[in-house]
Amino acid sequence: MTGRPCADVVPVSPHFGVMRAVNHTLLVFFVSTVLLATGLTGHGQSPYQSSEDFARYAMKLRETALLNIEPQVSVPTTNEPEFSGGYGASRYPWKMDIVTTVFWVGEKPTVNNPVPNTKSAWDVNWVQNFGGFDDPDPSARRNYIPANFIPRQNPFYVALPYNDVTHTTTKPEAPLVIPWFKDVYRKYGESVCHNRWIEIRSHSGRTCYAQWSDCGPFRTDHWQYVFGEDRPAWNINHGAGLDVSPAVRDFLGLNGMDVTSWRFVDFHDVPPGPWAYYGDNNDFVINARRGNSAVVSYGGDSPTVITR
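Residues numbered from 1 in each chain as written. Predicted model: local features only at pLDDT ≥ 70, side-chain atom pairs only at ≥ 80, totals over all residues. Heavy atoms only, no water.

## Regarding the pattern of salt bridges
If you walk through the whole model with that rule in mind, you get nine salt bridges. For Arg219, the salt bridge goes to Asp221, with nearest N and O atoms at 2.8 Å. Between Arg289 and Asp280 there is a salt bridge, with its nearest N and O atoms 3.1 Å apart. For Arg289, a relative accessible area of 45% corresponds to the partly exposed category. Connected through shared salt-bridge partners, Asp134, Arg141, Arg249 and Asp250 make up one network. (Salt bridge = Lys/Arg side-chain N within 4 Å of Asp/Glu carboxyl O. Buried < 20%, exposed > 50% of the residue type's maximum accessible area, 1.4 Å probe, protein only.)

Written as structure tokens, this is what we have:
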């Protein structure tokens, strides 16, 4: 089932009241600081022309201090964000000509990738749960998977620069900007983005499908690009807005840095392919274990699903 984003039920952080109290305390603190610094608590002459000038200065000082201690969050003002194409597959517009880089489970930090991929944004034991190091060396791979083990998660995975939860807290904009939020939301602080499917198209026109398994490159807050119409923000990887796994790289014939186009897709729009064979997190495998899967692989005389 598909539907528009939830407009009437918005989870509220349990820390909301605490943050209001903290903000009020900060305001009192900084106004007092300015009063002392400018001599307004004594008999000195104020450098400000009016009380309105002083109030504006005090508020600006407070805002500057708040920006230094907590992240700036931009929340949409509309309860019904517009998504071109309506419902179904066209509900999710293409992100065209996106600089695309390659990353992998177990990747060590480098200059252009300062965060190691031993864990993902949603899985602190990513290497263990994947089944091992997803070696990107083509000579160490076969049939889109590592040659020395069968992955326990889908080897066709990607990272996008947004995370809908932070410190087990659902972000305030998530219900408003994620198109499928209302359909799949289960509880506060649980991601509705993890393992979501996307379609990726290379410049040659070849297409594959993968699951959203991590956040990046570089950012975890750029919902205006991931779900909106913004372009990826500039970064040291030439404004890369999509990370793909070695399996995606090999299937599409990509270089280490390339250009692709991508869009979200609902699972029922994902066709069978090598992205359907492996993984405890893979909808094809999950459905096959339940006994209600469509054909995902042809091998020998009968269709099969490879699960381990």
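On we go from here.
## Considerations on the layout of surface pockets
Where empty space is left in the structure can be found by rolling a water-sized probe over the atoms. Approximately 800 Å³ is the volume found for the second largest pocket. Along the walls of the second largest pocket sit 38 residues, with Val115, Asp214, Cys215, Gly216 and Thr220 positioned nearest its centre. Of all the secondary structure elements, the ones that give two or more residues to the lining of the second largest pocket are strand E1 (95-102), strand E5 (165-166) and strand E8 (207-215). Tallied by class, the residues present in the lining of the second largest pocket amount to 14 nonpolar, 17 polar and seven charged. (1 Å grid on protein atoms, 1.4 Å probe; cavity = no way out; pocket = protein on both sides within 12 Å on 5 of 7 lines; lining within 4 Å. Points joined across faces, edges and corners; volume = space filled by probe spheres on them. Helix = DSSP H or I, 4+ residues; strand = E, 2+ residues; numbered from the N terminus. Nonpolar A, V, L, I, M, F, W, Y, C, P; charged D, E, K, R; others polar.)

## Some points on the sheet that holds strand E7 (residues 197-202)
Taken together, the six strands give a closed barrel; going around it, the order is E1-E9-E4-E8-E7-E10, and neighbouring strands pair in mixed fashion. Along the sheet, successive strands turn relative to each other by an average axial angle of 45°, direction set aside. When E7 meets strand E10 (residues 257-264), the two strands line up antiparallel, connected through five bridges. Counterpart to Glu199 in the pairing with E10 is Arg263. (Pairing = 2+ DSSP bridges. Axes fitted to C-alpha atoms, helices over the stretch in contact; angles between N-to-C directions.)

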